[in-house]
Amino acid sequence: MPELRFELDASLSSDFENHWQRLRILLEEPQLFAIQFVFSSNYELHSALLRRLQQTALSLAVDCLELPKTSSAELSDTGTSTAPSTAHQLAEAITRHCLARIFPAAPPHTRLLLLDLHQALPVALAALLAEPVDGERPAILHQALADSRALLLSRLNERRAQLSAFGPLLILLPEDWTKPAAEYAPDLWTQRLSSLYLPPPIPCAEGSPSSEPAQGVLPPEEAPRAAERNILARWQEALRSGQTQRLPVSDGWIAAETSAKLGNGQEAEDLAALCLRLAYERGSLREQMGSQNILGDMRLRRGRIEQAREAYTVALSIAQELVSKEPDNTERQRDLSVSYDKVADILRRSDPASALANYQASLNIRQDLARQEPDNTQWQRNLSVSYEKVADILRRSDPAAALDSCQASLKISQDLAQREPDNTEWQRDLSVSYEKVADILRPSDPAAAFANYEASLKIRQDLARREPDNTEWQRDLSVSYHKVADILRRSDPTAALDNYQASLSICLNLAQREPDNLELQTDQIISHVKIATLHPTVPTTEARAHLQAALQLARQLERAQLLTHDQAVWPDDIQRRLDALPSA
């Protein structure tokens, strides 16, 4: 790659090349979509790196769109009829301007998108106010600055699917915005290439080398297509070497989840435990809470239910403590609602009444947040999820109330999906809402249930085609095939068999990727039994093979003590079905 050289201040040159090697990856294959965050408190190093990036992009004929680089004249047509005066109006105006430039009416061509939300954003806001940054309204500017960063990150997160048509994306933020970046743009955060931290210059005695270890350079050929794997590799090395000083705990959460997706259940739990240790060593309550939740997730994934419950319970107590310290902090309230949900997810297996109380506590928080900020799409989405979870518990005891709750969720999901049809996550949420409504209607109105299941299936088929490697969406599709088959097994057993087999095929493929995934193992058992009992469409020899496969899996889970109380009867029941088959 040809590069342009220019003189650097001597105090910058020691760190500059290490950081530059991390940024230049974005120019290796500009046609590929890759995300990098830079958190900076060193203005000179920050500016020098951007100059090098822009000049190198120019020399390589790589189109670079830099935002927000604007003036008050450019902002005059952003849709605000009068000059914006409040912090919220300012944030909305700059966000509209940036989104219009990022997503033009004509489809974008490959380009490097550079979002400087650290240095350029304050200048853009000042231009919008038509006065200097240190003018007469510093309080409004300060709030507008935080609001516009959060709003733009949130809007980009919602449009991640549209961003994937672009080339590289570089987002520059202040050094203390690591957590907000992960909170407001969770999908971008988990898909990012890496995070780069530009610490402030540290004065040292003349001739004394910096004690800061040099950061490793990621292989350019791997980086654009393996963001999560790169983070995982760094944490795997930390597990081996014990060198964890510079690792952000939030990256460790990603590493644990990535390891779990790759089927490395024990390593994933070890990484989560490492995150928790670092969080306690660093004294961060919020990182302790997040790490306990991740540890609980990893344990639950491996069927260690009691240990998962312990981690979630500790996380809930920390979330409650954080809310007591900052009762007006909406993010702390949101964290608390998540913790209530995770504890309830465990309790619903053994104590539905307590689970309902926790789900209701989460729902109350989310209703309040949605009322406070009705245009906040994340709050609306969270509220939709809470309605569904409450409905799940009420299905048996109060089906009418459960249906009301599910329909409230569906209404929110439909609204969000209509706002942005290209937002795949909202489409996925809509498919879940259709399925939940169908689950409740199924005993009393099978025809209406079938219509809702088919609506869900259609969305999931489209999502699975868009992202065939997305294991969550593949499992969603498997579930939809299975539920459609359940409705059809009496009226059209041949069509039911086709759908059961499509479901099982997906399960088997996913299980090869994640052999420790308890959910996938139980999915296989159920599918094998459903196919085997589809008489007379399924011949006896095939029925026997499916029941034998189901029995083998069920006995394995029984020996590992991974069957729930309700599932404990599975092995003997399957054996009885096998014994009842006519001899070959």
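Computed from a prediction, not measured in an experiment: that's the story for all the values here.

Caption draft 1: Inspection of helix α23 (residues 540–559) at higher detail. With 20 residues, α23 ought to run about 28 Å at 1.5 Å a step, and its terminal C-alpha atoms sit 28 Å apart, in line with that. If you check which residues of α23 are buried, you get Ala543, Arg544, His546, Leu547, Ala550, Leu551, Leu553, Ala554 and Leu557. Packing partners of the buried residues in α23 comprise α21 (493–513), α22 (518–532) and α24 (570–580). Count one or two residues on from α23 and you reach Gln561, which has phi positive near 55°.

Caption draft 2: Here's a closer look at the pattern of salt bridges. The final tally for this structure, using the stated rule, is 33 salt bridges. With a shortest N-O distance of 2.1 Å, Glu269 and Arg304 are connected by a salt bridge. Placement of the pair is Glu269 in helix α11 (residues 265–282) and Arg304 in the loop between α12 (285–301) and α13 (305–325), with a sequence separation of 35 residues. Judged by relative accessible area, Glu269 falls into the buried class, the value being 7%. By relative accessible area, Arg304 is classed as partly exposed at 28%. For the salt bridge of Asp392 with Lys436, the shortest nitrogen-to-oxygen distance reads 2.9 Å. You can see Asp392 sitting in helix α16 (residues 377–397) and its partner Lys436 sitting in helix α18 (residues 424–441), a full 44 residues away along the chain.

Caption draft 3: Spotlight on the environment of Glu92. With respect to the secondary-structure elements, Glu92 resides in helix α3 (residues 87–102). Sequence separation of Glu92 and Ser148 is 56 residues, and the distance between their C-alpha atoms is 6.9 Å. Filtering out sequence-adjacent residues up to four positions away, Glu92 remains in contact with Leu151 and Arg155.

Caption draft 4: Quick peek at α24. What α24 keeps buried is the set Trp570, Pro571, Ile574 and Leu578. Here the buried residues of α24 occupy an arc of 95° about the axis, which is enough to place them on one side. When the buried face of α24 is taken as reference, the exposed residues oriented beyond 90 degrees from it are Arg576, Asp579 and Ala580. Looking at the buried residues of α24, the elements they touch are α22 and α23.

Caption draft 5: Representation of the nonpolar core within the structure. Counting residues in each nonpolar core, the largest one holds 82 residues, and the members touching the most others are Leu336, Ile525, Leu547 and Ile574. For Leu547, the contacting residues outside a window of four places in its chain are Val529, Ala532, Ile574, Arg577, Leu578 and Leu581. The next biggest cluster of nonpolar side chains, apart from the first, holds 52 residues, and it includes Leu99, Trp177, Ile231 and Ile294.

Caption draft 6: Region of the structure containing unusual backbone geometry. Here the amide bond leading from His535 into Pro536 is cis, since omega sits at -5°, within 30 degrees of zero. Counting through the fold element by element, Pro536 comes out in the loop between α22 and α23. Residue Gln561 is not a glycine yet carries a positive backbone phi of 55°. Take Gln561: it is sitting in the loop between α23 and α24.

Caption draft 7: Inspection of the confidence of the model for the protein at higher detail. Scored by pLDDT, the protein comes out at a mean of 81, with 83% of its residues at no less than 70. Element-level pLDDT for the protein is lowest in helix α1 (residues 10–23), with a mean of 58, against a maximum mean of 95 in helix α19 (residues 446–466). Confidence drops under pLDDT 50 across residues 1–14; counting only partners more than four residues distant or on other chains, this segment forms 29 contacts. Of the regions scoring below 50 in pLDDT, residues 131–136 engages in eight contacts with residues more than four places distant in sequence or in other chains.

Caption draft 8: Inspection of the pairing of strand β1 (residues 35–40) at higher detail. Among the six residues of β1, six are classified as buried, and the element is accordingly described as predominantly covered. Side-chain alternation along β1 places Ile35, Phe37 and Phe39 on one buried face and Gln36, Val38 and Ser40 on a second face that is also buried. By the bridge criterion, six bridges tie β1 to strand β4 (residues 169–174) in an arrangement that is parallel. Counted as the bridge partner of Phe37 is Ile171 from β4.

Caption draft 9: Fine view of the side chain of His546. Along the chain, the position of His546 falls in helix α23. If we skip the residues at most four places from it in the chain, His546 touches Leu504, His528, Ile531 and Ala532.

Reading guide: rules and limits
Residues numbered from 1 in each chain as written. Predicted model: local features only at pLDDT ≥ 70, side-chain atom pairs only at ≥ 80, totals over all residues. Heavy atoms only, no water. Helix = DSSP H or I, 4+ residues; strand = E, 2+ residues; numbered from the N terminus. Expected span 1.5 Å × (residues − 1). Buried < 20%, exposed > 50% of the residue type's maximum accessible area, 1.4 Å probe, protein only. Contact = heavy atoms within 4.5 Å. Salt bridge = Lys/Arg side-chain N within 4 Å of Asp/Glu carboxyl O. Arc of directions from axis to C-beta. Core = buried A, V, L, I, M, F, W, Y, C linked by side-chain atoms within 4.5 Å. pLDDT = per-residue confidence, 0-100. Pairing = 2+ DSSP bridges.

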